[in-house]
Amino acid sequence: MANRILLVNGPNLNLLGTREPEVYGSDTLDDIVALTVETARVEELQVVAMQSNHEGEIVDAIHSAREDCAGIIINAGAYTHTSVAIRDALKAVALPFIEVHISNVHAREEFRHRSYLSDIAECVIVGAGIQGYEFAVERLARVIA
């Protein structure tokens, strides 16, 4: 258990590489997963990766992490700004988690400035591109050590 982390990517992140490249760059979700897995390997961690456009599937994955993961890295996408259900799931499982956003959400539309997750996250990483996932693994590794 202590060596597994859950990587959650929310709605529309499956379209990375083609979706608004001026905001999100040209890296794909596969690139993010590969970077996360490689960084985790160096930290002697395993990654369970999932992506869903459906809020309930994300909640279910968070619930399941309670059984065999030591922490969570989550980019909830638009659900960051709307989902009390994902917030409640993260609180309920009581695992440390790091919130990641590829773009600087604070330099974007006003509605993106509010996160339902940030105040309960161990750490929040925004605007570092996909390197934010690398930072998140490194930080989470220290938190769960």
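Residues numbered from 1 in each chain as written. Predicted model: local features only at pLDDT ≥ 70, side-chain atom pairs only at ≥ 80, totals over all residues. Heavy atoms only, no water.

A.B. asks: Quick question: what am I supposed to make of the side chain of Asn-75 here?
C.D. replies: Along the polypeptide, Asn-75 turns up in strand 3 (residues 71–75). Using a relative accessible area of 3% as the deciding quantity, one classes Asn-75 as buried. Among all residues touching Asn-75, those that are not within four sequence positions of it are Val-8, Asn-9, Gly-10, Leu-13, Val-100, His-101, Ile-102 and Tyr-133. (Helix = DSSP H or I, 4+ residues; strand = E, 2+ residues; numbered from the N terminus. Buried < 20%, exposed > 50% of the residue type's maximum accessible area, 1.4 Å probe, protein only. Contact = heavy atoms within 4.5 Å.)

A.B. asks: Can you walk me through unusual backbone geometry in this structure?
C.D. replies: Peptide bonds are trans in most cases, and residues, glycine excluded, mostly fall at negative phi. Phi angles above zero are rare outside glycine, and Glu-44 is one such case at about 60°. Examined against the element boundaries, Glu-44 turns out to sit in the loop between helix 2 (29–42) and strand 2 (46–51). For Ala-94, which is not glycine, the phi dihedral falls at a positive 55°.

A.B. asks: Looking at this structure, I do not really get the packing of aromatic side chains. What am I missing?
C.D. replies: Centre distance and the angle of the planes are the two values used to describe a pair of aromatic rings. If you walk through the whole model with that rule in mind, you get zero aromatic pairs. Sitting over the ring of Tyr-116, Arg-114 keeps its end group 4.7 Å from the ring centre. (Phe/Tyr/Trp six-rings, centres within 6.5 Å; stacked < 30°, edge-to-face > 60°. Lys NZ or Arg CZ within 6 Å of the ring centre and 35° of its normal.)

A.B. asks: Whenever I open this one, the layout of surface pockets confuses me. Can you help?
C.D. replies: Considered as a void within the structure, the largest pocket measures approximately 170 Å³ in volume. Around the largest pocket, the lining is made up of 15 residues, and of these Arg-19, Tyr-24, Gly-77, Ala-78 and Arg-112 lie nearest the centre. Taken together, the residues that form the lining of the largest pocket break down as six nonpolar, six polar and three charged. (1 Å grid on protein atoms, 1.4 Å probe; cavity = no way out; pocket = protein on both sides within 12 Å on 5 of 7 lines; lining within 4 Å. Points joined across faces, edges and corners; volume = space filled by probe spheres on them. Nonpolar A, V, L, I, M, F, W, Y, C, P; charged D, E, K, R; others polar.)

A.B. asks: Quick question: what am I supposed to make of the sheet that holds strand 1 (residues 4–9) here?
C.D. replies: Whether parallel or antiparallel, the strands of a sheet pair through hydrogen bonds between backbone atoms. Strand order in the open sheet formed by five strands is 2-1-3-4-5, with parallel pairing between adjacent strands. This sheet does not close on itself; its edge strands, each paired only once, are strand 2 and strand 5 (123–126). Each strand of the sheet is rotated relative to its neighbour by a mean of 15°, with strand direction disregarded. Of the strand pairs in this sheet, strand 1 and strand 3 are connected by five bridges, and their pairing is parallel. If you follow Val-8 over to strand 3, its bridge partner there is Ile-74. (Pairing = 2+ DSSP bridges. Axes fitted to C-alpha atoms, helices over the stretch in contact; angles between N-to-C directions.)

A.B. asks: Honestly, the side chain of His-101 in this entry has me stumped. Any pointers?
C.D. replies: Here His-101 lies in strand 4 (residues 97–101). The exposure class of His-101 is buried, given its relative accessible area of 5%. Looking at His-101, its side chain comes within polar contact range of the side chain of Glu-99, at 2.7 Å. Once residues lying within four places of it in the same chain are set aside, the contact partners of His-101 are Asn-75, Thr-80, Ile-125, Val-126, Gly-127 and Ala-128. (Polar contact = N/O pair within 3.5 Å; in protein donor to acceptor, adjacent residues only side chain to side chain.)

A.B. asks: How should I be thinking about the packing of helix 3 (residues 55–68) against helix 4 (residues 84–93) in this particular structure?
C.D. replies: Axes are the key here: two packed helices are described by the angle between their axes and the distance separating the axes. In contact at an axis separation of 9 Å, helix 3 and helix 4 are set at 5° when each is read in the N-to-C sense. Considering the angle they form, helix 3 stands roughly parallel to helix 4. Across from Glu-55, Ile-58, Val-59, Ile-62, His-63 and Arg-66 in helix 3, the residues of helix 4 making contact are Ala-85, Ile-86, Ala-89, Leu-90, Ala-92 and Val-93. Split by residue class, the contact of helix 3 with helix 4 holds nine nonpolar, one polar and two charged. (Parallel < 35°, antiparallel > 145°, perpendicular 65-115°, else oblique.)

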